[in-house]
Amino acid sequence: MANPFEDDNAEYFVLVNEEGQYSIWPAFAEVPAGWNVAHGAAGRQECLDHVNEHWVDMRPRSLVAAMAADAS
């Protein structure tokens, strides 16, 4: 069986969790708890492009908040 995360012919969702972390997810699979659909269903490359455009800070939101609190 081929890896469902690397099938260029499949459709995917872009998921985001409450920490602002992104993932692509096969459209045929149930969205895991704690994740929300931010884009799609769309082709794999379109979803990867969406992630690259929108996930500009890889740090989890809780870390960003903690670092901001330490700086003040």
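Residues numbered from 1 in each chain as written. Predicted model: local features only at pLDDT ≥ 70, side-chain atom pairs only at ≥ 80, totals over all residues. Heavy atoms only, no water.

K.L.:
Break down the packing of aromatic side chains for me, with residues and values.
P.N.:
Scanning the model with the defined rule gives 2 aromatic pairs in all. Relative to Trp25, the ring of Phe5 has its centre 5.4 Å away and its plane inclined at 70 degrees; by these criteria the two rings are edge-to-face. With Phe5 in the segment before β1 (11-17) and Trp25 in strand β2 (residues 22-26), the pair connects residues that are 20 residues apart, well separated along the chain. Overall, Trp25 belongs to the partly exposed group, its relative accessible area being 22%. (Phe/Tyr/Trp six-rings, centres within 6.5 Å; stacked < 30°, edge-to-face > 60°. Helix = DSSP H or I, 4+ residues; strand = E, 2+ residues; numbered from the N terminus. Buried < 20%, exposed > 50% of the residue type's maximum accessible area, 1.4 Å probe, protein only.)

K.L.:
Tell me about the UniProt feature "domain: MbtH-like" (unreviewed entry) in the chain, residues and numbers included.
P.N.:
Taking the UniProt record as the reference, the feature "domain: MbtH-like" (unreviewed entry) is found at residues 3-53. For the annotated span residues 3-53, helix accounts for 20% and strand for 41% of the residues, and the straight-line distance between the end C-alpha atoms is 24 Å. (UniProt positions renumbered as here; feature names shortened; annotations may be inferred.)

K.L.:
For the environment of Trp25, give the residues involved together with the corresponding values.
P.N.:
On a C-alpha basis, the gap between Trp25 and Phe5 in space is 6.9 Å, while along the polypeptide they are 20 residues apart. If near-sequence neighbours (up to four positions away) are discounted, Trp25 is found in contact with Phe5, Glu11, Tyr12, Phe13, Leu15, Glu30, Val31 and Pro32. (Contact = heavy atoms within 4.5 Å.)

K.L.:
Could you give me a rundown of the sheet that holds β1, with the residues and numbers involved?
P.N.:
With antiparallel pairing, the 3 strands of this open sheet are ordered in space as β2-β1-β3. Edge positions in the open sheet fall to β2 and β3 (35-43), since each of these has one partner strand only. For this sheet, the mean angle separating the axes of adjacent strands, direction not counted, is 30 degrees. Bridging between β1 and β2 involves 5 bridges; their strand directions are antiparallel. Looking at the pairing, Leu15 lines up with Ser23 of β2. (Pairing = 2+ DSSP bridges. Axes fitted to C-alpha atoms, helices over the stretch in contact; angles between N-to-C directions.)

K.L.:
Can you tell me about the nonpolar core, naming the residues and giving the values?
P.N.:
General note: in soluble globular proteins, nonpolar side chains tend to be found buried as a group. Core analysis: the largest hydrophobic core is formed by 9 residues, namely Tyr12, Val14, Val16, Tyr22, Ile24, Ala42, Cys47, Val51 and Trp55. Elements with a minimum of two residues in this core: β1, β2 and α1 (44-54). Here this core takes 3 residues from β1, the largest share from any one element. Excluding its chain neighbours within four sequence positions, the residues that come into contact with Val16 are Gln21, Tyr22, Gly34, Trp35, Asn36 and Ala38. (Core = buried A, V, L, I, M, F, W, Y, C linked by side-chain atoms within 4.5 Å.)

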